[in-house]
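Okay, here's what each chain looks like letter by letter:
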Amino acid sequence: MGVTVGRPTPTFRAVYDRVAARPAWTVCALLVVGSILGRLFDVSLPPTVRYLPLAASVVVFGLPHGAVDYLIPAQLDGRSLAASMTLVGSLYAVLGGAYTALWLTEPLAAATIFIALTWFHWGQGDVHALVSFVGADHIDSTGLRVATCFVRGGLPMFVPFLAFPERYRAVLETWVELFGGDLSATWAFVPHLRLFGGAVFLAVTVGVLLVGHRRAGETRGWRIDAGETALLWALFLTVPPILAVGVYFCVWHSLRHVLRFSAIDEQEVRTTAGRLFSAFARKAAPLTVFALVLLVLFGLLAPASPSNASEFTGLYLVFVAVLTLPHVAVVTWMDHREGVWNS
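Residues numbered from 1 in each chain as written. Predicted model: local features only at pLDDT ≥ 70, side-chain atom pairs only at ≥ 80, totals over all residues. Heavy atoms only, no water.

**Topic: the overall build of the protein**
What the protein contains, in helices and strands, is 15 helices and zero strands. For the protein, the spread of C-alpha atoms along the three principal axes comes to 50 × 50 × 35 Å. Per-residue burial over the protein gives 52% buried out of 343 residues. Taking the contacts inside the protein whose residues are at least 6 apart along the sequence as the reference set, 80% of them involve residues at least 24 apart. Carbon and sulfur atoms make up 69% of the accessible area of the protein, which totals about 14,900 Å². In the protein, 23 positive and 21 negative side-chain charges are present, and the distance between their average locations comes to 8 Å. (Helix = DSSP H or I, 4+ residues; strand = E, 2+ residues; numbered from the N terminus. Buried < 20%, exposed > 50% of the residue type's maximum accessible area, 1.4 Å probe, protein only. Contact = heavy atoms within 4.5 Å. Areas by Shrake-Rupley, 256 points an atom, 1.4 Å probe, with all protein chains shown as cover. Lys, Arg positive; Asp, Glu negative; His and termini not counted. Charge placed at Lys NZ, Arg CZ, Asp CG, Glu CD.)

Here it is in C-alpha coordinates:
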(Lines give C-alpha, C1' and ligand atoms only; values in the text may rest on other atoms or scores of the structure.)
Protein backbone atom coordinates (compact mmCIF):
# COMPACT_ATOMS: atom_id res chain seq x y z
CA MET A 1 0.00 0.00 0.00
CA GLY A 2 2.75 2.42 0.92
CA VAL A 3 4.76 1.81 -2.25
CA THR A 4 2.22 1.84 -5.03
CA VAL A 5 -1.17 3.48 -4.94
CA GLY A 6 -3.91 1.16 -6.06
CA ARG A 7 -7.55 0.42 -5.40
CA PRO A 8 -8.01 0.46 -1.62
CA THR A 9 -9.02 -2.79 0.04
CA PRO A 10 -12.24 -2.85 2.07
CA THR A 11 -10.12 -2.93 5.25
CA PHE A 12 -8.16 0.21 4.37
CA ARG A 13 -11.34 1.96 3.27
CA ALA A 14 -13.10 1.07 6.52
CA VAL A 15 -10.16 2.25 8.64
CA TYR A 16 -9.97 5.51 6.72
CA ASP A 17 -13.72 6.11 7.11
CA ARG A 18 -13.65 5.37 10.83
CA VAL A 19 -10.36 7.03 11.80
CA ALA A 20 -9.99 10.00 9.45
CA ALA A 21 -13.01 10.78 7.27
CA ARG A 22 -16.05 10.62 9.53
CA PRO A 23 -14.47 12.43 12.50
CA ALA A 24 -13.41 15.27 10.20
CA TRP A 25 -16.81 15.46 8.51
CA THR A 26 -18.59 15.51 11.88
CA VAL A 27 -16.44 18.22 13.45
CA CYS A 28 -16.57 20.45 10.37
CA ALA A 29 -20.33 20.03 9.94
CA LEU A 30 -20.91 20.91 13.60
CA LEU A 31 -18.77 24.02 13.18
CA VAL A 32 -20.78 25.11 10.15
CA VAL A 33 -24.11 24.59 11.93
CA GLY A 34 -22.83 26.35 15.05
CA SER A 35 -21.54 29.29 13.03
CA ILE A 36 -24.84 29.71 11.18
CA LEU A 37 -26.82 29.51 14.42
CA GLY A 38 -24.44 31.98 16.04
CA ARG A 39 -25.10 34.48 13.28
CA LEU A 40 -28.85 33.98 13.50
CA PHE A 41 -28.87 34.58 17.25
CA ASP A 42 -26.03 37.13 17.23
CA VAL A 43 -23.71 35.00 19.36
CA SER A 44 -19.98 34.88 18.70
CA LEU A 45 -17.11 32.93 20.21
CA PRO A 46 -14.55 34.79 22.34
CA PRO A 47 -11.31 35.44 20.41
CA THR A 48 -9.33 33.15 22.72
CA VAL A 49 -11.58 30.20 21.84
CA ARG A 50 -10.91 30.71 18.14
CA TYR A 51 -7.20 30.19 18.75
CA LEU A 52 -7.64 26.93 20.69
CA PRO A 53 -7.43 24.51 17.70
CA LEU A 54 -4.20 26.10 16.50
CA ALA A 55 -2.81 26.01 20.02
CA ALA A 56 -3.80 22.34 20.27
CA SER A 57 -2.10 21.60 16.95
CA VAL A 58 1.27 22.05 18.67
CA VAL A 59 0.83 18.56 20.17
CA VAL A 60 -2.36 17.15 18.59
CA PHE A 61 -1.64 15.95 15.06
CA GLY A 62 -0.73 19.36 13.61
CA LEU A 63 2.97 19.81 14.38
CA PRO A 64 3.56 16.08 15.07
CA HIS A 65 2.21 14.94 11.70
CA GLY A 66 5.47 16.03 10.04
CA ALA A 67 7.66 14.81 12.91
CA VAL A 68 7.86 11.32 11.40
CA ASP A 69 9.46 12.50 8.16
CA TYR A 70 12.82 11.17 9.36
CA LEU A 71 11.43 7.61 9.11
CA ILE A 72 9.91 7.81 5.65
CA PRO A 73 12.98 7.01 3.48
CA ALA A 74 13.69 4.04 5.78
CA GLN A 75 10.16 2.69 5.55
CA LEU A 76 9.44 3.45 1.91
CA ASP A 77 12.85 2.99 0.35
CA GLY A 78 14.54 0.43 2.60
CA ARG A 79 17.30 2.81 3.76
CA SER A 80 18.94 2.35 7.13
CA LEU A 81 17.57 4.45 9.96
CA ALA A 82 20.84 6.42 10.15
CA ALA A 83 20.79 7.16 6.42
CA SER A 84 17.11 8.11 6.57
CA MET A 85 17.66 10.51 9.47
CA THR A 86 20.72 12.05 7.83
CA LEU A 87 18.94 12.58 4.53
CA VAL A 88 15.81 14.14 6.00
CA GLY A 89 17.77 16.11 8.60
CA SER A 90 19.95 17.63 5.87
CA LEU A 91 16.86 18.48 3.84
CA TYR A 92 15.28 20.26 6.79
CA ALA A 93 18.48 22.11 7.62
CA VAL A 94 19.05 23.38 4.08
CA LEU A 95 15.48 24.21 3.04
CA GLY A 96 14.33 25.32 6.48
CA GLY A 97 17.45 27.46 6.96
CA ALA A 98 17.08 29.12 3.57
CA TYR A 99 13.39 29.82 4.18
CA THR A 100 14.13 31.27 7.63
CA ALA A 101 16.63 33.63 6.00
CA LEU A 102 13.94 34.72 3.54
CA TRP A 103 11.51 35.47 6.39
CA LEU A 104 14.17 37.60 8.06
CA THR A 105 15.00 39.56 4.90
CA GLU A 106 11.86 39.51 2.69
CA PRO A 107 8.88 38.64 4.90
CA LEU A 108 6.23 39.63 2.34
CA ALA A 109 7.74 37.33 -0.30
CA ALA A 110 8.10 34.58 2.31
CA ALA A 111 4.43 34.95 3.33
CA THR A 112 3.31 34.76 -0.30
CA ILE A 113 5.35 31.58 -0.80
CA PHE A 114 3.81 30.09 2.35
CA ILE A 115 0.29 30.62 1.04
CA ALA A 116 1.15 29.06 -2.33
CA LEU A 117 3.06 26.19 -0.71
CA THR A 118 0.27 25.38 1.74
CA TRP A 119 -2.31 25.63 -1.06
CA PHE A 120 -0.40 22.92 -2.94
CA HIS A 121 0.39 20.78 0.10
CA TRP A 122 -3.13 20.65 1.50
CA GLY A 123 -4.41 19.90 -1.99
CA GLN A 124 -1.92 17.07 -2.51
CA GLY A 125 -2.93 15.56 0.83
CA ASP A 126 -6.57 15.39 -0.23
CA VAL A 127 -5.69 13.99 -3.65
CA HIS A 128 -3.74 11.18 -1.97
CA ALA A 129 -6.67 10.40 0.33
CA LEU A 130 -9.13 10.34 -2.57
CA VAL A 131 -6.94 8.09 -4.69
CA SER A 132 -5.53 5.79 -2.00
CA PHE A 133 -8.24 5.50 0.64
CA VAL A 134 -11.48 6.43 -1.12
CA GLY A 135 -10.75 4.87 -4.51
CA ALA A 136 -11.96 7.90 -6.46
CA ASP A 137 -12.17 6.54 -10.01
CA HIS A 138 -13.50 9.83 -11.34
CA ILE A 139 -10.07 11.53 -11.04
CA ASP A 140 -8.42 8.98 -13.30
CA SER A 141 -5.97 11.26 -15.10
CA THR A 142 -2.98 13.33 -14.06
CA GLY A 143 -4.70 16.50 -15.27
CA LEU A 144 -7.80 15.88 -13.16
CA ARG A 145 -5.70 15.12 -10.10
CA VAL A 146 -3.78 18.36 -10.54
CA ALA A 147 -7.07 20.26 -10.94
CA THR A 148 -8.49 18.55 -7.85
CA CYS A 149 -5.33 19.52 -5.94
CA PHE A 150 -5.86 23.14 -6.99
CA VAL A 151 -9.47 23.10 -5.77
CA ARG A 152 -8.91 21.22 -2.53
CA GLY A 153 -5.91 23.34 -1.54
CA GLY A 154 -7.72 26.53 -2.43
CA LEU A 155 -10.67 25.80 -0.14
CA PRO A 156 -8.75 26.45 3.12
CA MET A 157 -6.32 28.97 1.62
CA PHE A 158 -8.48 31.09 -0.71
CA VAL A 159 -12.12 30.84 0.44
CA PRO A 160 -11.41 32.52 3.84
CA PHE A 161 -9.92 35.41 1.87
CA LEU A 162 -13.25 35.73 0.04
CA ALA A 163 -15.45 35.53 3.12
CA PHE A 164 -13.30 37.28 5.75
CA PRO A 165 -10.92 39.63 3.90
CA GLU A 166 -10.18 41.87 6.89
CA ARG A 167 -9.32 38.97 9.19
CA TYR A 168 -7.27 37.35 6.42
CA ARG A 169 -5.34 40.56 5.96
CA ALA A 170 -4.83 40.92 9.72
CA VAL A 171 -3.17 37.49 9.87
CA LEU A 172 -0.89 38.36 6.94
CA GLU A 173 0.01 41.69 8.54
CA THR A 174 0.94 39.91 11.78
CA TRP A 175 3.25 37.52 9.90
CA VAL A 176 4.96 40.27 7.97
CA GLU A 177 5.22 42.83 10.78
CA LEU A 178 6.77 40.33 13.19
CA PHE A 179 9.74 40.24 10.83
CA GLY A 180 9.94 43.95 10.17
CA GLY A 181 7.98 44.02 6.90
CA ASP A 182 4.92 45.89 5.68
CA LEU A 183 1.84 44.51 3.93
CA SER A 184 1.54 46.98 1.09
CA ALA A 185 -0.40 44.82 -1.41
CA THR A 186 -3.72 46.56 -0.79
CA TRP A 187 -4.81 45.98 -4.40
CA ALA A 188 -5.34 42.29 -3.63
CA PHE A 189 -8.14 43.16 -1.22
CA VAL A 190 -10.20 45.30 -3.61
CA PRO A 191 -13.82 43.98 -3.41
CA HIS A 192 -14.37 43.70 -7.16
CA LEU A 193 -11.15 41.76 -7.67
CA ARG A 194 -11.98 39.50 -4.76
CA LEU A 195 -15.47 38.78 -6.12
CA PHE A 196 -14.07 38.04 -9.56
CA GLY A 197 -11.52 35.65 -8.09
CA GLY A 198 -14.25 33.96 -6.07
CA ALA A 199 -16.46 33.51 -9.11
CA VAL A 200 -13.58 31.99 -11.08
CA PHE A 201 -12.64 29.64 -8.24
CA LEU A 202 -16.27 28.54 -7.81
CA ALA A 203 -16.54 27.88 -11.54
CA VAL A 204 -13.35 25.81 -11.46
CA THR A 205 -14.66 23.87 -8.44
CA VAL A 206 -17.93 23.00 -10.17
CA GLY A 207 -16.18 22.32 -13.47
CA VAL A 208 -13.72 19.83 -11.98
CA LEU A 209 -16.55 17.95 -10.27
CA LEU A 210 -18.63 17.90 -13.44
CA VAL A 211 -15.73 16.53 -15.50
CA GLY A 212 -15.20 13.81 -12.90
CA HIS A 213 -18.90 12.94 -12.95
CA ARG A 214 -18.86 12.76 -16.71
CA ARG A 215 -15.91 10.36 -16.69
CA ALA A 216 -17.15 7.94 -14.04
CA GLY A 217 -20.75 8.77 -13.17
CA GLU A 218 -22.12 9.14 -9.65
CA THR A 219 -19.77 6.67 -8.02
CA ARG A 220 -19.10 6.46 -4.28
CA GLY A 221 -15.76 8.23 -4.81
CA TRP A 222 -17.38 11.08 -6.71
CA ARG A 223 -20.10 11.50 -4.07
CA ILE A 224 -17.48 11.70 -1.31
CA ASP A 225 -15.40 14.17 -3.31
CA ALA A 226 -18.43 16.37 -4.07
CA GLY A 227 -19.72 16.15 -0.49
CA GLU A 228 -16.35 17.03 1.03
CA THR A 229 -15.88 19.90 -1.40
CA ALA A 230 -19.30 21.33 -0.51
CA LEU A 231 -18.61 20.88 3.22
CA LEU A 232 -15.27 22.68 2.99
CA TRP A 233 -16.80 25.52 0.99
CA ALA A 234 -19.40 25.92 3.76
CA LEU A 235 -16.77 25.67 6.52
CA PHE A 236 -14.49 28.36 5.16
CA LEU A 237 -17.32 30.64 4.08
CA THR A 238 -19.03 30.69 7.48
CA VAL A 239 -16.46 29.96 10.22
CA PRO A 240 -13.85 32.59 11.23
CA PRO A 241 -10.54 31.79 9.49
CA ILE A 242 -8.33 31.17 12.54
CA LEU A 243 -10.85 28.70 13.97
CA ALA A 244 -11.65 27.04 10.63
CA VAL A 245 -8.01 26.66 9.57
CA GLY A 246 -6.98 25.41 13.02
CA VAL A 247 -9.66 22.72 13.01
CA TYR A 248 -8.90 21.76 9.41
CA PHE A 249 -5.18 21.52 10.14
CA CYS A 250 -5.71 19.15 13.08
CA VAL A 251 -8.67 16.93 12.18
CA TRP A 252 -8.61 17.00 8.39
CA HIS A 253 -5.16 17.43 6.85
CA SER A 254 -2.93 16.13 9.64
CA LEU A 255 -5.16 13.20 10.58
CA ARG A 256 -5.16 11.97 6.98
CA HIS A 257 -1.38 12.20 6.85
CA VAL A 258 -1.10 10.22 10.09
CA LEU A 259 -3.12 7.45 8.47
CA ARG A 260 -1.05 7.69 5.29
CA PHE A 261 2.16 7.23 7.25
CA SER A 262 0.69 4.36 9.25
CA ALA A 263 -0.54 2.68 6.06
CA ILE A 264 3.07 2.15 4.93
CA ASP A 265 2.99 -0.73 7.40
CA GLU A 266 -0.19 -2.64 6.55
CA GLN A 267 -0.22 -4.50 9.86
CA GLU A 268 -0.12 -1.23 11.78
CA VAL A 269 -3.18 0.20 10.06
CA ARG A 270 -5.11 -3.04 10.68
CA THR A 271 -4.83 -2.61 14.44
CA THR A 272 -7.21 -0.60 16.65
CA ALA A 273 -7.37 3.17 16.29
CA GLY A 274 -5.95 3.62 19.79
CA ARG A 275 -2.90 1.49 19.05
CA LEU A 276 -2.42 3.15 15.67
CA PHE A 277 -2.33 6.61 17.26
CA SER A 278 -0.14 5.53 20.18
CA ALA A 279 2.36 3.96 17.77
CA PHE A 280 2.41 7.14 15.73
CA ALA A 281 2.81 9.28 18.85
CA ARG A 282 5.85 7.28 19.98
CA LYS A 283 7.53 7.75 16.60
CA ALA A 284 6.67 11.45 16.40
CA ALA A 285 7.48 12.39 20.01
CA PRO A 286 11.28 12.93 19.74
CA LEU A 287 11.10 15.31 16.78
CA THR A 288 8.00 17.05 18.15
CA VAL A 289 9.90 17.91 21.35
CA PHE A 290 12.88 19.04 19.27
CA ALA A 291 10.57 21.21 17.14
CA LEU A 292 9.18 22.89 20.28
CA VAL A 293 12.72 23.79 21.33
CA LEU A 294 13.35 25.22 17.86
CA LEU A 295 10.10 27.18 18.11
CA VAL A 296 11.41 28.97 21.21
CA LEU A 297 14.71 29.72 19.45
CA PHE A 298 12.82 30.88 16.36
CA GLY A 299 10.86 33.32 18.50
CA LEU A 300 14.14 34.84 19.65
CA LEU A 301 15.11 35.49 16.01
CA ALA A 302 11.97 37.52 15.27
CA PRO A 303 12.73 41.26 15.19
CA ALA A 304 9.49 41.99 17.07
CA SER A 305 8.59 40.00 20.18
CA PRO A 306 4.98 38.70 20.21
CA SER A 307 2.85 40.19 22.98
CA ASN A 308 -0.68 38.84 22.45
CA ALA A 309 -2.54 35.73 21.21
CA SER A 310 -2.65 36.99 17.65
CA GLU A 311 1.10 37.61 17.49
CA PHE A 312 2.00 34.36 19.23
CA THR A 313 -0.22 32.54 16.71
CA GLY A 314 1.44 34.44 13.89
CA LEU A 315 4.89 33.43 15.12
CA TYR A 316 3.80 29.80 15.41
CA LEU A 317 2.39 29.81 11.88
CA VAL A 318 5.58 31.30 10.47
CA PHE A 319 7.52 28.56 12.25
CA VAL A 320 5.15 25.99 10.72
CA ALA A 321 5.86 27.64 7.36
CA VAL A 322 9.60 27.06 7.80
CA LEU A 323 8.94 23.38 8.54
CA THR A 324 6.38 23.08 5.76
CA LEU A 325 8.88 23.61 2.93
CA PRO A 326 11.04 20.53 3.68
CA HIS A 327 7.94 18.57 4.73
CA VAL A 328 6.36 19.24 1.33
CA ALA A 329 9.57 18.02 -0.32
CA VAL A 330 9.32 14.75 1.62
CA VAL A 331 5.61 14.30 0.87
CA THR A 332 6.15 15.09 -2.82
CA TRP A 333 8.78 12.36 -2.91
CA MET A 334 6.23 10.03 -1.25
CA ASP A 335 3.74 10.97 -3.98
CA HIS A 336 6.33 10.03 -6.61
CA ARG A 337 7.21 6.72 -4.95
CA GLU A 338 3.55 5.81 -4.52
CA GLY A 339 2.45 6.96 -7.98
CA VAL A 340 -0.18 9.38 -6.68
CA TRP A 341 -0.17 11.55 -9.80
CA ASN A 342 -0.09 8.70 -12.30
CA SER A 343 -3.31 8.06 -14.17
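So, next bit.
**Overview of the environment of F158**
Mapped onto the elements, F158 comes out in the loop between α7 (142-157) and α8 (159-163). Residue class for F158 comes out buried when judged on its relative accessible area of 15%. Separated by 39 residues in sequence, F158 and W119 place their C-alpha atoms 8.3 Å apart. Not counting the four nearest positions on each side in its chain, F158 is found in contact with W119, G197, G198 and F201.

**Observations concerning the state of the cysteines**
Scanning all chains against the criterion turns up zero disulfides. Here C149 stays unpaired: no disulfide links it, and the sulfur of C28, its closest cysteine neighbor, is 18 Å away. Given the relative accessible area of 5%, C149 is considered buried. With no disulfide of its own, C250 lies closest to C28 among cysteine sulfurs, the gap being 11 Å. (Disulfide = S-S within 2.5 Å.)

**Considering the pattern of salt bridges**
By the definition in use, this model includes 12 salt bridges. Between D77 and R79 there is a salt bridge whose closest N-O contact spans 3.5 Å. Looking at D77, the relative accessible area reads 35%, which means it is partly exposed. Classification of R79 as partly exposed rests on a relative accessible area of 39%. Of the charged contacts, one joins E228 and R152 as a salt bridge, the two residues approaching to 2.9 Å between their closest N and O atoms. (Salt bridge = Lys/Arg side-chain N within 4 Å of Asp/Glu carboxyl O.)

**Points about the packing of helix α1 (residues 10-40) against helix α6 (residues 107-134)**
Relative to each other, α1 and α6 sit at 135 degrees, their axes nearing to 9 Å. Classified by the interaxial angle, the pair formed by α1 and α6 is oblique. For the pair α1 and α6, contact is made by F12, R13 and Y16 and by A129, F133 and V134, respectively. Across the contact of α1 with α6, the residue classes break down as five nonpolar, no polar and one charged. (Axes fitted to C-alpha atoms, helices over the stretch in contact; angles between N-to-C directions. Parallel < 35°, antiparallel > 145°, perpendicular 65-115°, else oblique. Nonpolar A, V, L, I, M, F, W, Y, C, P; charged D, E, K, R; others polar.)

**A look at unusual backbone geometry**
In this structure, D42 is a non-glycine residue whose phi angle is positive, near 55 degrees. As for its placement among the helices and strands, D42 is situated in the loop between α1 and α2 (47-50). Phi angles above zero are rare outside glycine, and F61 is one such case at about 70 degrees. Here F61 lies in the loop between α3 (52-56) and α4 (72-77). Residue classification places F61 among the partly exposed residues on the basis of a relative accessible area of 23%.

**Here's the deal with the packing of helix α12 (residues 241-262) against helix α15 (residues 309-338)**
Put simply, α12 and α15 touch, their axes get as near as 14 Å, and they point 30 degrees apart. In terms of orientation, α12 and α15 fall into the roughly parallel class. By crossing handedness, the relation of α12 to α15 is classed as left-handed. Residues I242, F249, H257 and R260 of α12 pack against T313, Y316, V320, H327, V331, M334, D335 and E338 of α15. The residue inventory of the contact of α12 with α15, partitioned by class, reads six nonpolar, three polar and three charged. (Left-handed = near helix turned anticlockwise from the far one by under 90°.)

Any functional reading would require information beyond the geometric quantities listed.
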